Amino acid sequence: MTGVHSAVHVAKSLGQLEAFREHYLDQRRLQISADLQQPLNFLESYQSYLAQVTGFFVLESFVQRVTDDLVGPAEGALLWAGAVRPLRGTLELALDQLGSAPLMLMVKDFVLLACVALERARYQVSLVTEVLLSSQGRYHDLLASQLQKQLAAAVDADVLTELEIRTEVQHNKLVAEYGLPWQLEGAANARKVQLNPRGVPPLPYSAPFTASVPEMMRLVRRFVSDSLAYLRGVYSDAELLPAVLHQRDRMLSKVVVEVLSAKAHSIGSSEEMLRECMKVAANVWALRTAMDALDDWTIDQVRPEAASAAAAAAAAQATTPGAAFQPESSSSTQAPQ
């Protein structure tokens, strides 16, 4: 900044400070106008584009702080006000044209990084972050479209045979991990059994759902993780959980329901097909039963610090002996009729 200080000092000594200030601001306006030109290929150059614009204003903020006589807060605010709308327009157009959720997430993360630097330089970035907020619908539509194809493939590949759980590893991976029921609660053959100290029922057993159900739960969780990755930083901490739950429930009511409905409607009316239809109904029931566990898992992902505290509390309680029997038929959740 030595050169700037020297130029200001010379202009002031010659009585030309005001003319120098006007010349400086004119040149800086021309510079930022050039920097804001929309890139020909946004995806290839968005990082350098955003870095150039951000660097310009970080430098201007520094100039304002160290040169009282050159650029004041009002002039700096006018420079930013003239730049933020073209910047917003470029981002809106680019995000609208990106064809995949991972690409949108990549751009969103870099935009937020630029916004952090601009906020630290005391610029208002709400008009920029609003672009990310308004593009979340397109992001989740792309996510849901991809998920629907993956769920449909998993359901179509399911031959609807019994899922045998033979080991504790299988039980933990396919049943307990997703909060899925290990037997038809409320059914006539529901049993009161003694679980082992790790909460595992007697092995082997036949799960009341087929192989597609754990895979569907895995894919749903991945959707939630991808949703959270985009919404984090766009919403405040207090707003984040409701936003994630809204997008998750919107996806469940549309995508998952459509996939299961398509599977049910693809089954004919023979006796064997009627049994398959009952298995699909059992799968729906098992998925519905797992929603409470999905809620808990979602909250843990959004608020990991709360999850850590809960895990510590659970570990402290683990030393206290508990009831060893689990009355499976006492649950209020009923099996499909």
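Here the structure is a predicted model, which is why all the values come from computation and not from measurement. (Residues numbered from 1 in each chain as written. Predicted model: local features only at pLDDT ≥ 70, side-chain atom pairs only at ≥ 80, totals over all residues. Heavy atoms only, no water.)

Enquirer: For this particular structure, what's the right way to read the packing of helix α5 (residues 101–120) against helix α7 (residues 136–157)?
Expert: Packed helices, taken two at a time, are described by their axes: the angle between them and the distance between them. Taken N-terminus to C-terminus, the directions of α5 and α7 make an angle of 145 degrees; their axes are 9 Å apart at the nearest point. Two packed elements cross with a definite hand, and for α5 against α7 that hand is left-handed. Taken together, the residues of α7 that come into contact with α5 (itself represented by A101, M104 and L105) are R138, Y139, L142 and L143. Residue composition of the contact of α5 with α7, by class: six nonpolar, no polar and one charged. (Axes fitted to C-alpha atoms, helices over the stretch in contact; angles between N-to-C directions. Helix = DSSP H or I, 4+ residues; strand = E, 2+ residues; numbered from the N terminus. Left-handed = near helix turned anticlockwise from the far one by under 90°. Contact = heavy atoms within 4.5 Å. Nonpolar A, V, L, I, M, F, W, Y, C, P; charged D, E, K, R; others polar.)

Enquirer: Help me understand the environment of D237, please; the structure alone is not making it clear to me.
Expert: The residue D237 is located in helix α10 (residues 237–265) in this model. When the C-alpha positions of D237 and V302 are compared, they lie 8.7 Å apart, and in sequence the two are 65 residues distant.

Enquirer: Would you explain unusual backbone geometry in this entry?
Expert: Glycine aside, a negative phi is what most residues show, and trans is what most peptide bonds show. A cis amide bond links L203 to the next residue, P204, at an omega of -5 degrees. The residue P204 is located in the loop between β2 (192–194) and β3 (205–207) in this model. Despite not being glycine, R122 shows a phi value in the positive range, around 75 degrees. Among the structural elements, R122 can be located in the loop between α5 and α6 (126–134). When its relative accessible area of 70% is taken as the criterion, R122 is described as exposed. At L160, a residue that is not glycine, the phi angle is positive and equals roughly 60 degrees. (Buried < 20%, exposed > 50% of the residue type's maximum accessible area, 1.4 Å probe, protein only.)

Enquirer: Can you help me understand the packing of aromatic side chains in this one?
Expert: The relation between two aromatic rings is expressed through the spacing of the ring centres and the mutual angle of the planes. What the rule picks out here adds up to nine aromatic pairs. Measuring from ring centre to ring centre gives 5.8 Å for F42 and Y46, while their planes differ by 25 degrees; the resulting arrangement is stacked. Taken as a pair, F42 and Y46 lie in helix α3 (residues 42–66) at a separation of four residues, close to a single helical turn. Here F42 matches Y46 in class, with each residue buried. Both rings, one in Y46 and one in F110, keep their centres 5.8 Å apart while their planes meet at 90 degrees; by these two values the pair is edge-to-face. Here the residue Y46 occupies a position in helix α3, and F110 occupies one in helix α5, the gap between them amounting to 64 residues. Look at Y46 and you get buried, because its relative accessible area is 3%. Cluster of aromatic residues (ring-pair linked, three or more members): F42, Y46, Y49 and F110. Over the ring of Y230 we find K108, and its NZ or CZ is 5.9 Å from the ring centre. (Phe/Tyr/Trp six-rings, centres within 6.5 Å; stacked < 30°, edge-to-face > 60°. Lys NZ or Arg CZ within 6 Å of the ring centre and 35° of its normal.)

Enquirer: Looking at this structure, how should I read helix α4 (residues 73–97)?
Expert: Each α-helix turn comprises 3.6 residues. Residues three or four places apart therefore point the same way. If you check α4, its first and last C-alpha atoms are 36 Å apart, about what 25 residues at 1.5 Å a residue would give, namely 36 Å. All buried positions along α4 are accounted for by G76, L79, W80, A83, V84, L87, R88, T90, L91, A94 and L95. Tucked into the core, α4 has its buried residues touching α2 (17–35), α3, α5, α6 and α7. (Expected span 1.5 Å × (residues − 1).)

Enquirer: Can you help me understand the packing of helix α9 (residues 212–231) against helix α12 (residues 291–302) in this one?
Expert: Between α9 and α12, whose axes approach to 11 Å, the crossing angle comes to 30 degrees. One finds that α9 runs roughly parallel with respect to α12. Relative to α12, the crossing made by α9 is right-handed. Contacts between α9 and α12 involve M217, V220, R221, V224, S225 and L228 from the former and M291, L294, W297, T298, Q301 and V302 from the latter. Looking at the contact of α9 with α12 residue by residue, the classes come out as eight nonpolar, three polar and one charged. (Parallel < 35°, antiparallel > 145°, perpendicular 65-115°, else oblique.)

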